[in-house]
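Chains, contacts and geometry: an overview
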Amino acid sequence: MQNQFSRTELLLGREAMDQLLCARVAVFGLGGVGGYVVEALARSGVGALDLVDSDRVALTNLNRQILATYETLGELKVDAARRRIQAIHPQTVVRTSTTFFVPQTAEEFDFSQYSYIVDAIDTVTGKLELAERAQAAGVPIISCMGTGNKLNPAALEVADIYETAMCPLARIMRKELKKRGIRHLKVVYSREPPLELVGTPEANAQGRPAPGSTAFVPAAAGFIAAAEVVKDLTGVRTSPR
């Protein structure tokens, strides 16, 4: 009997779909990358999604974030995401948190209950804390590196953090993870050198110059990360080239 996931089941099989249905995935950060992660996971049949983001939809999100429309401006991103997920698959269990994830707020989360963690947040301290907490809980994690100031989605790839190159954020993460004794971390990153901006950027929420962004690089990174989650949860791998 056909259902909304029948086309996915043709590729993954019934057992894999059952594994996705039983999974609980936490997505930290619902911006340009994280929003597309959530979109793909909801459409893949993941049974429970925990969404963590303290931001509201802003005008400058409209160029790249799937949750951003004129109708959602000013709305909490977790609320916009919950409504979208329920419109796609009403049976998905959605839990939301508006906590700004940093080391000081990490104790609010029980990481042992997650089947997988997606790190799509911006701060280095938060990303390092997520990596540490995931390792301590024995939960797989994928961390998304920077997509700002980049134009080529084809330059994105999946690798261990210690095999990355040309990514300033990954370079910082490698150094700090090594200090913390974390020897492996799966990441999505780009080998494309960051481009120089042609204008003068305004400051972002963290007080730093806002990076340039596009509709396609963050989206591609989000879909790549979601694909890794699905493949890791089900054990179904793509054929080698």
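What comes next is a walk through the structure. (Residues numbered from 1 in each chain as written. Predicted model: local features only at pLDDT ≥ 70, side-chain atom pairs only at ≥ 80, totals over all residues. Heavy atoms only, no water.)

With respect to the overall build of the chain
- A tally of regular secondary structure across the chain gives 7 helices and 7 strands.
- What you see in the chain, going N to C, is helices and strands ordered as α-α-β-α-β-α-β-β-α-β-β-α-β-α.
- Whereas a compact globule of 241 residues would reach a radius of gyration of roughly 18 Å, the chain reaches 17 Å, a difference of no more than 12%.
- Dimensions along the principal axes, computed over C-alpha positions, put the chain at roughly 55 × 45 × 40 Å.
- Counting over 241 residues, the chain shows a buried share of 49%.
- Considering only contacts in the chain between residues 6 or more positions apart, those separated by 24 or more positions represent 68%.
- As presented, the chain carries roughly 12200 Å² of accessible surface, and 53% of it is formed by carbon and sulfur atoms.
- If the 27 positive side-chain charges of the chain are averaged to one point and the 26 negative ones to another, these points end up 3 Å apart. (Helix = DSSP H or I, 4+ residues; strand = E, 2+ residues; numbered from the N terminus. Rg over C-alpha atoms; globule rule 2.2 N^0.38 Å. Buried < 20%, exposed > 50% of the residue type's maximum accessible area, 1.4 Å probe, protein only. Contact = heavy atoms within 4.5 Å. Areas by Shrake-Rupley, 256 points an atom, 1.4 Å probe, with all protein chains shown as cover. Lys, Arg positive; Asp, Glu negative; His and termini not counted. Charge placed at Lys NZ, Arg CZ, Asp CG, Glu CD.)

Quick word on the layout of surface pockets
- Counted as a void, the second largest pocket has a volume near 280 Å³.
- Lining the second largest pocket are 13 residues; nearest its centre among them are Leu11, Leu12, Ala227, Val230 and Lys231.
- For the lining of the second largest pocket, the secondary structure elements donating two or more residues are α1 (6-12), α3 (34-44) and α7 (217-234).
- Per-element accounting of the lining of the second largest pocket gives the leading share, 5 residues, to α7.
- In terms of residue class, the lining of the second largest pocket is made up of 8 nonpolar, 3 polar and 2 charged. (1 Å grid on protein atoms, 1.4 Å probe; cavity = no way out; pocket = protein on both sides within 12 Å on 5 of 7 lines; lining within 4 Å. Points joined across faces, edges and corners; volume = space filled by probe spheres on them. Nonpolar A, V, L, I, M, F, W, Y, C, P; charged D, E, K, R; others polar.)

Details of the sheet that holds strand β1 (residues 24-28)
- Strand order in the open sheet made by the 7 strands is β3-β2-β1-β4-β5-β7-β6, with mixed pairing throughout. Edge strands, defined here as strands with exactly one partner in the open sheet, are β3 (93-97) and β6 (156-160). If you compare each strand with its neighbour and ignore which way they point, the axes differ by 20° on average.
- For strand β5 (residues 141-144) and strand β7 (residues 186-190), the ladder comprises 3 bridges, and the chain directions are parallel. Pairing of Cys144 across the sheet is with Val188, part of β7.
- Sheet contacts for helix α4 (residues 77-88): β2 (48-52) and β3; angle to β2, the most-contacted strand, approximately 160°. (Pairing = 2+ DSSP bridges. Axes fitted to C-alpha atoms, helices over the stretch in contact; angles between N-to-C directions.)

Concerning the state of the cysteines
- Scanning the model with the defined rule gives 0 disulfides in all.
- In this structure Cys144 is not part of a disulfide, and its nearest cysteine sulfur, from Cys167, lies 11 Å away.
- A residue is classified by how much of its surface remains accessible, and Cys144, at 4% relative accessible area, is buried. (Disulfide = S-S within 2.5 Å.)

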